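Residue-level listing of the chains:
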Amino acid sequence: EADIYQTPRYLVIGTGKKITLECSQTMGHDKMYWYQQDPGMELHLIHYSYGVNSTEKGDLSSESTVSRIRTEHFPLTLESARPSHTSQYLCASELAGGIEQFFGPGTRLTVL
Amino acid sequence: AQSVAQPEDQVNVAEGNPLTVKCTYSVSGNPYLFWYVQYPNRGLQFLLKYITGDNLVKGSYGFEAEFNKSQTSFHLKKPSALVSDSALYFCAVRVLNTGKLIFGQGTTLQVKP
């Protein structure tokens, strides 16, 4: 089991709220990723980071933002949540020069 | 553009029978290919990968996958299915020179006793 953690595991909030989904890993991995898994179960990359102070947008446009101030921490923020943000969000990490990504357990977000 | 396709939304097999979950890919250059499994309310767990070398790759929990370059396929297989193998399976290809993974749409495997 990989040492990558996500909190909260489940979150139900009202429209317009600001939320932050936490992701942390204890493996010292430089690369970290956020994926959005929609109700049809397909995964899409929404953000990634190759190291501290490095963040990039992924293939799927997202209204969320991320930051990478510390190697082990890669939080995702929604300034104003909407029902269209309802989804599962999966965080992953990878060692620099590595091949395999390790995934966290996910956060299931429901916006009412 | 690089892509991955899993043509079956669901695969049903009886316990003890062999199983195959299909995956085809489209990439430029040599592909790095992966299989992940997802159990309900869990993240993805790595099963196996193909980078280079032997076309038959062995992975976790008795799974294996066969890389076929001419057919651009990377099918997941297991000789004898278990009920506990029931889960959602994803095939993925790595975008070269980046860490980004492109996933297939997923295949639900249902193993019946």
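Cut-offs and rules
Residues numbered from 1 in each chain as written. Chains lettered and ligands numbered in written order. Predicted model: local features only at pLDDT ≥ 70, side-chain atom pairs only at ≥ 80, totals over all residues. Heavy atoms only, no water. pLDDT = per-residue confidence, 0-100. Helix = DSSP H or I, 4+ residues; strand = E, 2+ residues; numbered from the N terminus. Phe/Tyr/Trp six-rings, centres within 6.5 Å; stacked < 30°, edge-to-face > 60°. Buried < 20%, exposed > 50% of the residue type's maximum accessible area, 1.4 Å probe, protein only. Lys NZ or Arg CZ within 6 Å of the ring centre and 35° of its normal. Pairing = 2+ DSSP bridges. Contact = heavy atoms within 4.5 Å. Core = buried A, V, L, I, M, F, W, Y, C linked by side-chain atoms within 4.5 Å.

### Section: the confidence of the model for chain A
One rule of thumb: low pLDDT means the predicted coordinates there are not for detailed reading. Averaged over chain A, the pLDDT score is 92; the fraction of residues at 70 or greater is 97%. At the low end of the mean pLDDT range in chain A sits strand 10 (residues 102-103) of chain A, at 92; at the high end sits strand 3 (residues 19-25) of chain A, at 97.

### Observations concerning the packing of aromatic side chains
Tallying each qualifying case throughout the model produces 14 aromatic pairs over all chains. On the numbers, 6.4 Å between centres and 55 degrees between planes, the contact of Y50 of chain B with F74 of chain B is tilted. Highlighted residues: Y50 of chain B in strand 6 (residues 44-50) and F74 of chain B in strand 9 (residues 73-78), separated in sequence by 24 residues. One exposure class covers both Y50 of chain B and F74 of chain B, and it is buried. An aromatic cluster is defined as three or more aromatic residues linked by ring pairs; in this entry it consists of Y33, Y35 and F103 of chain A together with F34, Y36, F46, F90 and F103 of chain B. Taking the ring centre of F74 of chain A as reference, the NZ or CZ of R68 of chain A above it sits at 5.9 Å.

### Remarks on the sheet that holds strand 1 (residues 4-7) of chain A
Residue and element names in this part refer to chain A. Read across the open sheet, the 4 strands follow the order 1-3-8-7; overall the sheet is antiparallel. Edge positions in the open sheet fall to strand 1 and strand 7 (65-66), since each of these has one partner strand only. When strand 3 meets strand 8 (residues 76-78), the two strands line up antiparallel, connected through 3 bridges. Bridge pairing links T20 to T77 in strand 8.

### Side note on unusual backbone geometry
Following T7 of chain A, the chain continues into P8 of chain A via a peptide bond in cis, with omega recorded as -10 degrees. Along the chain, the position of P8 of chain A falls in the loop between strand 1 and strand 2 (10-13). The residue N53 of chain A is not glycine, and still its phi comes out positive at about 65 degrees. Structurally, N53 of chain A is set in the loop between strand 5 (43-51) and strand 6 (54-57). In this model, T72 of chain B sits at a positive phi of 45 degrees, which is unusual for a non-glycine residue. Mapping T72 of chain B onto the fold places it in the loop between strand 8 (64-68) and strand 9. On the basis of relative accessibility, which here comes to 31%, the residue T72 of chain B falls in the partly exposed class.

### A few points about the environment of L11 of chain A
Residues and elements named next belong to chain A. Tracing the chain through its elements places L11 in strand 2. It is 27 Å that separates the C-alpha atoms of L11 and H29, two residues lying 18 residues apart in sequence. Excluding residues that lie within four positions of it along the chain, L11 makes contacts with I19, L21, R108, L109 and T110.

### Here's the deal with the nonpolar core
If you look at the biggest cluster of nonpolar residues, it comprises 26 residues, and the most contacted ones within it are W35, L47, L48, F74, L76 and Y89 of chain B. Listed by contribution, the elements that provide at least two residues to this core are strand 2 (10-14), strand 3 (19-21), strand 5 (33-38), strand 6, strand 8, strand 9, strand 10 (87-94) and strand 12 (107-112) of chain B. For this core, the element with the most residues is strand 10 of chain B, which contributes 4 residues. Ignoring anything within four residues of it in the chain, the contact list for L76 of chain B reads L19, T20, V21, W35, L47, L48, F63, E64, A65 and Y89 of chain B. In this structure, L11, C23, V66 and A81 of chain A belong to the second largest nonpolar core, which totals 18 residues.

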